[in-house]
Amino acid sequence: MRKLIFNFFILVSFPVGAQFVNHIYGSWHTDVYAYSNYHTDVFSIAANQACLTNFQHFSVGISSGRKFFLQEMAQYKAGVVIRKSNGYFAMQLGRFGNADYHQSSIGVAYARRMENVDLGIQFDFGDTRMKGYSGRTEIAVEGGMLFHVNTKMRMGVQVVYPVPVKWKRSGMVSAPVYSVGFGYDASENFFIGVMLIKIQDRPLDVQGGWHYSFNKELFARAGISCTNREFSLSIGFLVGQMRMEVSATLHPYLGLTPSIAILYQKLPSE
């Protein structure tokens, strides 16, 4: 059964492309927080690069997960954000799989804040390798826009467009990704958001999530992905500049996916 599940995900992901490690295997329950004024983190950047303008100081994070508890489907991600006088910069790293089959990617992002809109762009380099077969390398361009409807509500769009690099034999090319997101911060403690995501011939996916802070040290999150029929629940702890979040995503047939993330964000007083 373990090998069957692993082979199924390889077949599903093979035509999609290496640069979509974050979009296909990422912690989708963190994406919607790109549309919050208060709860964006380095992993939310994958959903909309324009959310980089939320970061006022240096931030870095790492995360690890194991889809359905399968060692063959381990995922590792890392991200860093730096603010400079001429804009916001970020780098993202991702890897999914094992020695027999794996996808890896690196992305470099930049964002600027305008009057009522934020703009972001990212360049990706992706690589897919399968034991016994030739590898695949390609690049992609991502662009995002965030509109400040008012002090509590934001909406935005993102496009992920792969540069047409074909397989030498199959002639397949990767599919672009389009998304629209909406977020509402009822207060600094409570946020709710929704995203609509379309990947070419795949069904439209609706993802939603909410965040609630009990106090300055403890928060909880929950989310849903309609197409994947997955539900997520996470709890996080903050100690000074450090944050740890433990998450579990449940698929009704395939089971649990555990993950953990550790983040550091420089405080304004430093």
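Residues numbered from 1 in each chain as written. Predicted model: local features only at pLDDT ≥ 70, side-chain atom pairs only at ≥ 80, totals over all residues. Heavy atoms only, no water.

**Quick word on the overall build of the protein**
Thinking step 1. Scanning the protein from terminus to terminus reveals 3 helices and 14 strands.
Thinking step 2. The buried share of the protein, taken over its 270 residues, is 47%.
Thinking step 3. Restricting to contacts in the protein with at least 6 residues of sequence separation, those with at least 24 account for 46%.
Thinking step 4. Looking at the protein as shown, the accessible area adds up to about 13,400 Å², and 65% of this sits on carbon and sulfur atoms. (Helix = DSSP H or I, 4+ residues; strand = E, 2+ residues; numbered from the N terminus. Buried < 20%, exposed > 50% of the residue type's maximum accessible area, 1.4 Å probe, protein only. Contact = heavy atoms within 4.5 Å. Areas by Shrake-Rupley, 256 points an atom, 1.4 Å probe, with all protein chains shown as cover.)

**Some words on the pairing of strand β13 (residues 242-251)**
Thinking step 1. Here β13 shows one buried face, formed by R243, E245, S247, T249 and H251, and one open face, formed by M242, M244, V246, A248 and L250.
Thinking step 2. Pairing of strand β12 (residues 230-239) with β13 involves 9 bridges; the strand directions are antiparallel. Considered in β13, the bridge of I235 is made with V246.
Thinking step 3. Joining the antiparallel neighbours β12 and β13 is a turn of 2 residues, in which G240 adopts a positive phi near 65 degrees.
Thinking step 4. Of the strand pairs in this sheet, β13 and strand β14 (residues 255-265) are connected by 10 bridges, and their pairing is antiparallel. Note on β14: the bridge partner recorded for M242 is Y264.
Thinking step 5. Linking two consecutive strands that pair antiparallel, namely β13 and β14, is a turn of 3 residues. (Pairing = 2+ DSSP bridges.)

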